[in-house]
Structures are given as structure tokens and as C-alpha cells.
Amino acid sequence: MKHVKCECGHVNPHGTILCEACGRVLQESEKDKKLVDMRYEGSARRSQTYNKTIIDKIWNFFSSVKVGVWLIVITLIASALGTILPQEMYIPPVMPAAEYYEDQYGWIGKLYYELGFHNLYSSWWYLVLIASIGISLVICSLDRMIPLWRALKAQRVARHEGFLKRQRIFGVSEASNLDVSYEKIKERLKAKRYNIREEDGNILAEKGRFSRWGPYVNHIGLIIFLIGGMLRFVPGMYIDEVLWVREGETKVIPETDGQYYLKNNKFILEVYDKDKDNKAFSNAIEEKGMVAKNYQSDVTLYKKKGETVAGQAPELEKVKDYSIKVNEPLKFEGYALYQVSYKLDELNQMTFRLNKKDSEESFGEIKIDLNDPKDRYDLGNGYAVEVVSYFPDFEFDDSGEPITKSKVPNNPAFVFKMISPDKKDGEISFVAIQQTIEPFGDNEYKMNFAGIDTKHVSSITVRKDLTLWIIALGGLIFMIGVAQGSYWNHRRIWLRRVNDEVWIAGHTNKNWHGLKREIQSVLEGTGIDDPEDQVQKETKE
Amino acid sequence: MKKRRLVIRTIILLILGAAVAYTLYANFTKDDIKKVVIGEQAPDFVLVDLNGEEHRLSDYKGQGVFLNFWGTYCKPCEKEMPYMDNQYKQFKDKGVQTLAVNVGESELSVSKFAERHKLTFPIVLDKDGQVQTAYKIGALPATFMIDKDGKVVKYHTGQLTEEMIKELMEQVQP
């Protein structure tokens, strides 16, 4: 490997543009330039200089900011594509995904499915993209931070004339009485919290070098954030499931190994009352008609006692009663149960009366549990009703046959057989909501709708997240990095005696105006002229 | 110096590569953990059929089991039911049992459905969804083939033809 030995005696890594120690321009091509490129202090970005083994080639690929930007752009486009049609996890489980997409969206759906966009965010290539961004972050940062750190550490007080001359802020003054002036300048610089190094009548004043590490601290935060995201794939670290429970129902809580059960005692939806609540809301309430005040599920948590096989009725032990409200989850053993949604007034029971058509005489009432109807209801005195068919979510299919769309009693329909002493074989009647069909001609009896009972259904999110603190830590470090890089400036001022002259140069990573003002106030009344801003001068000319 | 650089770079790339490889691996096995693992023991269960008889999966050790999850509202399920019934009759004396698990509908709906299609194989009711949770059932129909040792050998979602059912049953025939 070739090192570059500067005339000042410092040995620089191969590829260095400005000598780390004295700032002398080392590359011929840079010598013609009026101003030096101070990015990364003119240090050798390693990646750009070695390209021999396969490892170097991989390294160099990821070290390129251009590659990093493209990776981000591609990831953004891919993420956007994933939102065009619903992801597989959100489609209703009525048929396999392969059929569902084509059925719902035609050939576009089919293509979408075949290209794997239905499961985009956990597809291998999407994960590879995200991982590549992570790798690019690590390598880009290492490849820039280490040389920069080296260069800032190795810098000497006395900088080469060529370096000073090519700084944006630069000036030359004839000076007498320099020693007095120097004392004054040093005092003022100290008051402005500069670190001062002095060597042979040359001064280097520097402050805020800390600001240069901001971007790298920021990247460390991002990497920690990504690690947190990665940990979600580790079994047991992250759970996010939905559980629908009807009032009065007890269900096993998913992902708890069948250990915990939840009973929904009551779902409560409260709205703001125009008269009772704060008058300030009354306009809003009038405008919207209804404003929700509280969503609440009163639940009981149970733990299973002993071992059971799936399907066996477990013996349950009550753990506690709790009212789950929005932002007030029920927490137990690292799990949290959140109120997430609800369904009001799901049909639960229907009541019918058996009537004679002409006299409207009633022979009794039957109450049908829509989730578990009986096949025969006896009314006494020789009257009875048989349920021949039951369709909880009724509709007519293409061939005109009654079918059910789901197991949920959204739109119940029945085929009843009405048995009476004078019609011992029974009369058949098809009864749906607001609809009665008598398929075998006119009946003498009919089923009169008498009422419904409804129940609310609560939707509960089951969440367990052990990665949250890592993600929060990553976010915090990210913000510290942003603040560090934004609110501090790295400023340097060089003073150098060249024969009877004083050469003065300044550099900052941002806010040049601030640096110029600072130099002005430091030099005031010392007889040394203010340096010029060579960029501004150039544009003026 | 040059060697050290190569070593450091190799180590860093290896660490990053290992992290990525693990994430991909975990992501792909995630689905396997969700479903019942092929080649592993099928989760045991006890359910009651329409005639009030208990069926425990582990009682069928020594026989193959055609385990089907279905609902009356699921069209493909309805279509494959007659095929299942035919093959059930062919294979029940050759050591392959058929168990159809209904996904928590009312007994009335299920028994009327069974009557209408004249189904003879045992239909068990998973009222509170415990068995569906254990088998991570999503889309219907879902079919598991379980061999004589109680291991899952095959998993299929979507409608089966009679030919496919026959082949599946032959696979687990002891």
C-alpha cells in the first residue's frame, strides 16, 4: 500500500487530498482550484481508493451515497405499490388469497398476487432492500467518520499557505505590534469559548468540533431503530392480533398458548350529551349529531387451570375484572389488551308468534337463539314449530337458492314448519326479515315477527411488544444526532505569521455569516484587517 | 495494514450479513410457526360430533386421518363434501379416517347441511374456536393429512377434487 508522505513530514493514507497535518494540497488536480473542497477535510475516503478483493468491491458498493439514495428511492416506490390493493392479512378469510385477488380485482389482482405484492412487507426482496439500507448506513458512516476523525485529530496549528489561501474566508494584513494584538485576540477568542492552540506565533482557534459527529450519531440511532424492527421477527418479541368477543362470550386470547381467556361482560358506547356536558361542545354535537365520549369493554380475564386438549372445556380461574377503554389497556404478563373497534346491536335472538291468519289468534311465542337455534319449539296443545333450515346471513344465490354468506347472524332467514292440531303434517313458510314466502301455496298459519334482542361485539387488540424500548432509544439517539449537527457549528480560525504579514483564514461547516461576525469582533481595533469571503467576492465580480 | 483492513471489512460484512440472514430466516419460518408444522405432531384435540360422540385425534393413532376444516357458507367446501363422502366410504375400512371440523356454526345449520348432502363421515363442532386457533385456520376449506403416527404430512387450502382426495388418502394409508 502506498502512503503519501507530505513535505511537512506527516504520512497520509493513500488517496488523501489535503495533508491531514498541515493542509498542503497533495493531489495535482486540486492545485489549480481557487478554493479547496473541505468536505471530510480532504481526507481519503477509503472505499474510493482500494478495489482489489471481492470484499472491497462489496464494501465500496455500499459505501456509495449514490447507491444509498437509490436504495431509499426504490424502497419508497415499493412501499407505495404495496398500498394499491389490500395486503393478504387484511382480506376477509372467505377464500384462498390466490383466488380472492383475481375474483375481486380481475387480472390486475392476479398479477398483483403473482408478483407477490399481496405480502409485500414481509417478502424477501423487500426485507433485502431494508437490510441493504441498513448496511449502506453502517458502511457509509464508517467510511466517512473514521478518516474525518483522523484528519481532525492530526491537524497541526500551522497550516500550509496553500491551504489557508484556498479557504473561503481569507485575508492578509501588514501588521505591527503583533504581540499586543495577539494577546487581545486570544483573550477575545477565549471569551467566545474557542479552544486555542499556539505554536511559533501561529494560532489555531477551534470550537464545536462535536457538531461534526451529529450525522454519525444520527445514523447510529437509525441503525438501533432498524435492529429494533429486526427483533420483531424473533418469536415472542412482538405480537399483534385481533380478538372479537360478543357480550356474554368467553374466548381464548390468541398467542397466550391457550392459557388466558377473556369474557366480555358489556360493551359501552357513551356520547356527549348536549344538555349535561360542557356547553362549549353543544355546537359541535349539533353539527355532527353525535360525538363519542367513551368506548369501553367491561371484561373478565381468566387463566386456565391444569392441562386440557384443544376443544375440551377448560377449567377457568378468574384473574381480574377490568374496564378496557381507549388508551387504558388491560395489562398482564407483558400483554396489553386494547379497545380497538366494536359492532353495535348484532342480532342475537329473534322472537316469533304463531298466528292463525284469518282470526289473528296467537298460539304462543318462540324465542330463537340465532347462534344456536333449536330444531323444534313446542308450544303445547298440539302446536309446534320446526326449523327446517336456517340461514344466519341469508341471500339468494345465482340459481335462486337461499344460502348463507357467513356464520354471523347479520340477516337471518328460516324455513319453518308450522304444526297445529288441524295441520298435523305442518305448513312450510320461508321467513326472512320483512319477507315471507309460502312455497306450497296459501297457508292458514303464519309466523309473526315479535321482536329482537341484540348484543354488542367488542374488538380487542392483543399486543405484546418487547422491542418498543429499543425503537424508542434509537429514536432518541437519532434526535440527539440531529440536534448535535444542527444547533452547533464547527468553527476554526487560523492565524499565521508569514514574514511581516499575518495570514488569517476561517472555516465553518455552516452559518458562514456567524463566523464572519465573530472574526470581525475578535479583530476589532487590533490593526489586522477583516478577511474576505472569497465566494462572495467572486460572485460580485 | 492492508491485511488488517481486509480482516476488519470481512468481519463487519459478516456480522451485517448474519443479521440480514437471520431476519430473512425468521421471516420465512414465521409462517410455519403459524401453521402446523409439516412433519411434526398434529395438535391433539377432543370434539363432539353431531351424534354426541367424542372424537379425540390421538385415539386414531395407527390410522391415517383426513382432517378437514369447513363452513356451510363456504362454497368450495360444499363442492368437495360429496367427494369426501365417497372417498370416506372407500377408505374407512382401509385405515383412513375422515374428520370434518365445522368452524363454530350452530348445530342446527350443520346438521341440516349434513342431512341435505347425506354426509356419513363424522362432523365435529368447534364451537369456541379452540381447535381453529390451535391449527391457525384462516381461509376455508383447509385440509390436513395426518399419518398413522399422528404427524402432519400435508396441508392444503382451497377446494379438492375427488382425484386429489383419493391421492391424499392413499398417502396416509398405513
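Residues numbered from 1 in each chain as written. Chains lettered and ligands numbered in written order. Predicted model: local features only at pLDDT ≥ 70, side-chain atom pairs only at ≥ 80, totals over all residues. Heavy atoms only, no water.

An unreviewed UniProt entry annotates chain B as Thiol-disulfide oxidoreductase originating from Cytobacillus solani. The record in UniProt for chain B states the following under Subcellular location (unreviewed entry): "Cell envelope". (UniProt positions renumbered as here; feature names shortened; annotations may be inferred.)

By the naming in an unreviewed UniProt entry, chain A goes by Cytochrome C biogenesis protein and is assigned to Cytobacillus solani. The UniProt entry for chain A carries the following comment under Subcellular location (unreviewed entry): "Membrane".

### As for the overall build of chain B
In terms of regular secondary structure, chain B is built from five helices and seven strands. Listed by position from the N terminus, the elements making up chain B come as α-β-β-β-α-β-α-β-α-β-β-α. Buried positions account for 49% of the 174 residues belonging to chain B. A sequence separation of at least 24 residues applies to 71% of the contacts in chain B between residues at least 6 apart. Summed over all atoms, the accessible surface of chain B reaches about 8100 Å², with 53% contributed by carbon and sulfur. (Helix = DSSP H or I, 4+ residues; strand = E, 2+ residues; numbered from the N terminus. Buried < 20%, exposed > 50% of the residue type's maximum accessible area, 1.4 Å probe, protein only. Contact = heavy atoms within 4.5 Å. Areas by Shrake-Rupley, 256 points an atom, 1.4 Å probe, with all protein chains shown as cover.)

### Here we look at the interface of chain B and chain A
Residue-level contacts link 48 residues of chain B with 54 residues of chain A. Interface of chain B and chain A: buried area, both sides summed, is about 4200 Å²; carbon and sulfur atoms make up 66% of it. Sorting the residues of chain B by area buried against chain A places Arg9, Leu108 and Gln130 of chain B first, and these three jointly supply 16% of that buried surface. On the surface where chain B and chain A come into contact, there are four salt bridges. (Buried area = accessible area lost by both parts, 1.4 Å probe. Salt bridge = Lys/Arg side-chain N within 4 Å of Asp/Glu carboxyl O.)

### Focus: the state of the cysteines
Taken as a whole, this structure holds one disulfide over all chains when the rule is applied. Each disulfide pairs two cysteine sulfurs, and for Cys74 of chain B the partner residue is Cys77 of chain B, the sulfurs being separated by 2.1 Å. The sign of the 85° torsion about the S-S bond sets the Cys74 of chain B-Cys77 of chain B disulfide as right-handed. Residues Cys74 of chain B and Cys77 of chain B agree in their burial class; the two are buried. Of all cysteine sulfurs, the one in Cys19 of chain A lies closest to Cys6 of chain A, which takes part in no disulfide; the gap is 3.6 Å. Left unpaired, Cys22 of chain A is separated from the closest cysteine sulfur, that of Cys6 of chain A, by 3.6 Å. (Disulfide = S-S within 2.5 Å.)

### Examining the packing of aromatic side chains
Residue and element names in this part refer to chain A. Using the criterion set out here, one finds 34 aromatic pairs over all chains in the structure. Ring centres of Phe210 and Trp488 lie 5.2 Å apart, and the angle between their planes is 90°; this geometry places the pair in the edge-to-face category. In this pair, Phe210 is assigned in the loop between strand E5 (202-207) and helix H8 (214-231) and Trp488 in the loop between helix H10 (468-487) and strand E22 (491-498), connecting sequence segments 278 residues apart. When the centroid spacing of 4.7 Å and the interplanar angle of 50° are considered together, the rings of Tyr260 and Phe332 count as tilted. Here the residue Tyr260 occupies a position in strand E8 (residues 260-271), and Phe332 occupies one in strand E11 (residues 330-332), the gap between them amounting to 72 residues. Among the aromatic side chains, those forming a connected cluster through ring pairs are Tyr100, Tyr101, Tyr105, Tyr112, Tyr113, Phe117 and Trp125. If you follow Arg159 out to its NZ or CZ, it ends over the ring of Phe163, 4.5 Å from the centre. The ring of Tyr335 carries the charged tip of Lys464 above its face, separated from the ring centre by 5.0 Å. (Phe/Tyr/Trp six-rings, centres within 6.5 Å; stacked < 30°, edge-to-face > 60°. Lys NZ or Arg CZ within 6 Å of the ring centre and 35° of its normal.)

### Looking at the side chain of Ser132 of chain A
All names here are of chain A. Positionally, Ser132 belongs in helix H5 (residues 124-154). We classify Ser132 as buried; its relative accessible area is 11%. Only 2.7 Å separates the side chain of Ser132 from the backbone oxygen of Val128, close enough to count as a polar contact. Leave out the neighbours within four places in its chain, and Ser132 touches Phe62 and Leu71. (Polar contact = N/O pair within 3.5 Å; in protein donor to acceptor, adjacent residues only side chain to side chain.)

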